[in-house]
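Secondary and tertiary structure notes
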Amino acid sequence: MLSLVSRPNLPVLPSKARNLWEHLKTVIVIYLIFTRLVKAERHIRARGVARSIRDTYRWILQEILLLVLRFPAARKRVESELAKARLTIEEHLVPQGPGVTRHLSLPEKGHDPDWILAEMAKMDEEAKSHADWRGGKVSGAVYHGGEDIQKVIMAAIERYCVSNPLHPDVFPAVRKMEAEIVAMVLKMYNNPNGAGTTTSGGTESIIMAVKAYRDWARATKGITEPEMVVPINAHAAFDKGAAYLGVKVHTIPIHPETRQVEIKRVARAINRNTIMIVGSAVNFPDGNQDDIVALGKLASKHNIGLHVDCCLGSFIMPFLEEAGFPVRPFDFRVEGVTSISCDTHKYGFAPKGSSVIMYRDAALRRYQYYVNPDWVGGVYASPSIAGSRPGAIIAGTWAAMQYMGHSGYLESCKSIVSTAKTIAQRIRTEIPELRILGDPPASVVAFAAAHGSGLNVLEVGDAMSKKGWHLNALSDPAAVHIAVTRLTVPVVDNFIADLKDAVRDAKVAPSGNGTMVMLYGLGQSSPVGPTMVGHVAEAFLDAMYKA
């Protein structure tokens, strides 16, 4: 059938132009293939051929299983199981019963202070169970310096409860205290001429470091697809920062005995897009320290950043040598170290919400800042993520550091580290079913099942929970750790006695349904196990905000 609408005469390209266009398309295709091959080569070089094949195989299985789980019958079963998990979490976290009062809207008239304090006391007792942190049965979490320092901190918080360092002209003392906190911590880490800022915690300190290196690499090297190289046992805040800031992460295996990152694998993972590498002193999972000197040499060689995570080591690591304990180099005296994070709210005994991120010099710190000179509300500039910040936390931190002083932190280091080493030694000599992971130098001790023992160490962890202990479960390998605090010092004998009983119970009558066992089992059950654990974690976060 003939068309009734005439088609316009399209211009015909000359043969030379057509050839040029074909060549251009070929070049574009070759470029796209080449860039993807380069990315694939870097990925394989960082992870190794065997691991890349395993990861690919696992990813394919995961996608297939996730596709299967979309079928109605499978989806219904998964949703049913997740609903049960959600209900269990809510029953554990959210107080239930006729005696529970829910405050879901503002009261018609304000209550007096006595009523408010009484209601708070009532809420403290509403939960079915909570760990006895005052009795020293909590791993880390509560870094309590004692009733005396608590009074000093509360007096400082009360004095500056409405202050905001965003307005240094209104609160000059808060500005001064914040600068002095940074200066004191820089001196502790042997870089008095360096630079830094305070943050709300270790996670923000780490994210700020990632942001600084990303922007530094973009400005000085033109890197637009940044990558970072991180030990697999480094803190999850590095992955979080990378997710927020668009940085690719290469996770590097650790030596199974020393628990240190494998330096040769780190070197192999570094490429033109690498902006930073990471080491811990000490890491959160097992409390061991990476070879910071070797990492520093790599960072110097490739002109990239080296961030040392001392969030947990905080006010322990800088005092180890003086306290008489062996310690390997980790601070700014190590060539190549360009930034360090230190939590003042851990072993510095400052109020929660306090950390310091330090840089070798002020030039690198500037890449952490956010500045907007064009905002219609005026020039906006902030040193970290937050705009307004609680000056009361800064005041409380400054007060804690002034109260403790060098001698106070030194004595604290001695007692805490001695306790941790006692726990490790007694496990080695008195509980043959367990083994210590690595050779932890500071305050954290992690234990796994001894090789060939057949013990499920997470059953031990669940048994310890029933005895009132609040410990941390680990994976790869399955293990449990305790972060020793001042509260742990007087209860070492109780801990060891309970641990022996827990090992016996786990061997004789394992329950198989404890929280640690079930979560770890779910995560290892199949390639979609981590996805399912992720859904459980989301349910936990949802329950945190259920009034």
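On to the overall build of the protein chain. When you go through the protein chain residue by residue, the secondary structure sums to 17 helices and 13 strands. When its C-alpha atoms are laid out on the principal axes, the protein chain stretches across 90 × 60 × 60 Å. A burial count over the protein chain gives 45% of its 547 residues as buried. Considering only contacts in the protein chain between residues 6 or more positions apart, those separated by 24 or more positions represent 72%. The centroid of the 62 positive side-chain charges in the protein chain is displaced by 9 Å from the centroid of its 53 negative side-chain charges.

With mixed pairing, the 7 strands of this open sheet are ordered in space as E1-E7-E6-E5-E4-E2-E3. The two strands at the open ends of the sheet, each matched to only one other strand, are strand E1 (195-199) and strand E3 (248-252). On average, each strand axis in the sheet is inclined to that of its neighbour by 20 degrees, with strand direction left out of account. Looking at chain direction, E1 and strand E7 (residues 355-359) are connected through 5 bridges and run antiparallel. Bridging from a neighbouring strand, Thr198 pairs with Val356 of E7.

One pass over the full model with this rule turns up 20 salt bridges. Note that Lys546 and Glu90 form a salt bridge whose closest N and O atoms lie 3.1 Å from each other. Placement of Lys546 in the segment after helix H17 (529-544) and of Glu90 in helix H3 (residues 72-93) is noted, with a sequence separation of 456 residues between them. The partly exposed category is assigned to Lys546, whose relative accessible area is 44%. Residue classification places Glu90 among the buried positions, given a relative accessible area of 17%. The closest approach of N and O atoms between Lys176 and Glu180, which form a salt bridge, is 2.4 Å.

Quick look at the confidence of the model for the protein chain now. Residue-level pLDDT values for the protein chain average 91, and 94% of them are 70 or greater. Across residues 1-5, where pLDDT falls below 50, the model places 0 contacts with residues more than four positions away in sequence or in other chains.

Next up on the list: helix H1 (residues 15-47). In this model, H1 (33 residues) spans 48 Å end to end at C-alpha, consistent with the 48 Å of a helix rising 1.5 Å per residue. Looking only at H1, the buried set comprises Thr35, Arg42, Ala46 and Arg47. If you follow the buried residues of H1, they end up packed against helix H2 (49-68), E3 and helix H9 (263-269). Phi turns positive, to about 90 degrees, at Gly48, one or two residues after H1.

Further remarks concern the environment of Lys176. Summarising the element assignment, Lys176 is placed in helix H6 (residues 172-188). A relative accessible area of 44% places Lys176 in the partly exposed class. In this structure, the C-alpha to C-alpha distance between Lys176 and Ala395, residues 219 residues apart in sequence, is 9.8 Å.

So, how was this worked out
Residues numbered from 1 in each chain as written. Predicted model: local features only at pLDDT ≥ 70, side-chain atom pairs only at ≥ 80, totals over all residues. Heavy atoms only, no water. Helix = DSSP H or I, 4+ residues; strand = E, 2+ residues; numbered from the N terminus. Buried < 20%, exposed > 50% of the residue type's maximum accessible area, 1.4 Å probe, protein only. Contact = heavy atoms within 4.5 Å. Lys, Arg positive; Asp, Glu negative; His and termini not counted. Charge placed at Lys NZ, Arg CZ, Asp CG, Glu CD. Pairing = 2+ DSSP bridges. Axes fitted to C-alpha atoms, helices over the stretch in contact; angles between N-to-C directions. Salt bridge = Lys/Arg side-chain N within 4 Å of Asp/Glu carboxyl O. pLDDT = per-residue confidence, 0-100. Expected span 1.5 Å × (residues − 1).

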